[in-house]
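What follows is each chain in one-letter form.
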Amino acid sequence: GENVEQHPSTLSVQEGDSAVIKCTYSDSASNYFPWYKQELGKGPQLIIDIRSNVGEKKDQRIAVTLNKTAKHFSLHITETQPEDSAVYFCAPQYSSASKIIFGSGTRLSIRP
Amino acid sequence: DTAVSQTPKYLVTQMGNDKSIKCEQNLGHDTMYWYKQDSKKFLKIMFSYNNKELIINETVPNRFSPKSPDKAHLNLHINSLELGDSAVYFCASSTGNGEQFFGPGTRLTVL
């Protein structure tokens, strides 16, 4: 079955610096690669996603890069701000009918 | 204009009781899910329904029984609650293109 590993589990960065979170998966059939942000007391929310025919996608300060050969994808947040503090999850997926496995989460803290 | 709603938000109950959590989505999505998030924030899928039919049923005790009266609703009934059932339960929906829309969660505490 699919195995998903997410690193690091916690990350603390100075406000204004960049943060990178990596997700490694085992199912080579995965073709959808989302990142979710979960703020305290709320449900996870999609912040960016990428499909297997694209190597990189950027949306303002956040970006996702995909390496299908190595089976990993990463979330990049530049110019971090206090509101970026949250738990981030990856959830690589083959199809909507397939089992969805979330990464173990990364708690990102932004130091003022 | 809530997209995915859950009730109740908090649920405190005694061991052995039976309880239900309700979920509704107004997004017109065909697929709905139940997830369990434990105290370490691990998020694990429990069930998935597509157009009222069960398509994913993870290794969950049969004390947990989902019910989908129509494609906009997916309720979760839990019998004989145990201490280990304490967690936050999230409902979610999806169009099938991958993106999941989560509800605000129901924090269940079993005493």
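Report on the accompanying structure. Worth saying up front: this structure is predicted, and the values here are computed from it rather than measured.

Next up on the list: the nonpolar core. Counting residues in each nonpolar core, the largest one holds 23 residues, and the members touching the most others are Trp35, Phe73, Leu75, Ile77, Tyr88 and Leu108 of chain A. Among the elements that take part in this core, strand 3 (residues 19-25) of chain A stands out by supplying four residues, more than any other. Discounting residues that sit within four places of it in the chain, leucine 75 of chain A has contacts with Ala19, Val20, Ile21, Trp35, Ile47, Ile48, Ala63 and Tyr88 of chain A. Grouped together as the second largest cluster of nonpolar side chains are 19 residues, Ile21, Phe64, Leu108 and Val110 of chain B included.

The next point concerns the sheet that holds strand 5 (residues 45-51) of chain A. Residues and elements named next belong to chain A. Strand order in the open sheet made by the five strands is 2-10-9-4-5, with mixed pairing throughout. The sheet is open, and its two edges are formed by strand 2 (10-14) and strand 5, each paired on a single side. Shown here is a sheet whose adjacent strand axes are inclined to one another by a mean of 20 degrees, direction ignored.

Okay, the packing of aromatic side chains next. One pass over the structure, following the stated rule, counts 13 aromatic pairs over all chains. When the centroid spacing of 5.6 Å and the interplanar angle of 45 degrees are considered together, the rings of tyrosine 36 of chain A and phenylalanine 102 of chain A count as tilted. Here the residue tyrosine 36 of chain A occupies a position in strand 4 (residues 32-38), and phenylalanine 102 of chain A occupies one in the loop between strand 9 (86-90) and strand 10 (106-111), the gap between them amounting to 66 residues. As far as burial versus exposure is concerned, tyrosine 36 of chain A and phenylalanine 102 of chain A are alike and both buried. Feature note: the residues Tyr36, Phe89 and Phe102 of chain A together with Tyr33, Tyr35, Phe90 and Phe102 of chain B constitute an aromatic cluster, connected by ring pairs.

We now examine unusual backbone geometry. Excluding glycine, a negative phi dihedral is what most residues carry, and trans is how most peptide bonds are arranged. Along the chain, histidine 7 of chain A connects to proline 8 of chain A via a cis peptide bond; the corresponding omega equals -5 degrees. For proline 8 of chain A, the position within the fold is in the loop between strand 1 (4-7) and strand 2. Although it is not a glycine, lysine 52 of chain B adopts a positive phi angle of roughly 75 degrees. Within the fold, lysine 52 of chain B resides in the loop between strand 5 (43-50) and strand 6 (53-57). Taking relative accessible area as the criterion, lysine 52 of chain B reaches 45% and is therefore assigned partly exposed. Residues other than glycine seldom take positive phi values, yet serine 80 of chain B does so here, at roughly 45 degrees. Considering the arrangement of structural elements, one finds serine 80 of chain B in the loop between strand 8 (73-78) and strand 9 (87-94). Its relative accessible area of 38% is what places serine 80 of chain B among the partly exposed residues.

What counts, and at which threshold
- Residues numbered from 1 in each chain as written.
- Chains lettered and ligands numbered in written order.
- Predicted model: local features only at pLDDT ≥ 70, side-chain atom pairs only at ≥ 80, totals over all residues.
- Heavy atoms only, no water.
- Core = buried A, V, L, I, M, F, W, Y, C linked by side-chain atoms within 4.5 Å.
- Buried < 20%, exposed > 50% of the residue type's maximum accessible area, 1.4 Å probe, protein only.
- Helix = DSSP H or I, 4+ residues; strand = E, 2+ residues; numbered from the N terminus.
- Contact = heavy atoms within 4.5 Å.
- Pairing = 2+ DSSP bridges.
- Axes fitted to C-alpha atoms, helices over the stretch in contact; angles between N-to-C directions.
- Phe/Tyr/Trp six-rings, centres within 6.5 Å; stacked < 30°, edge-to-face > 60°.

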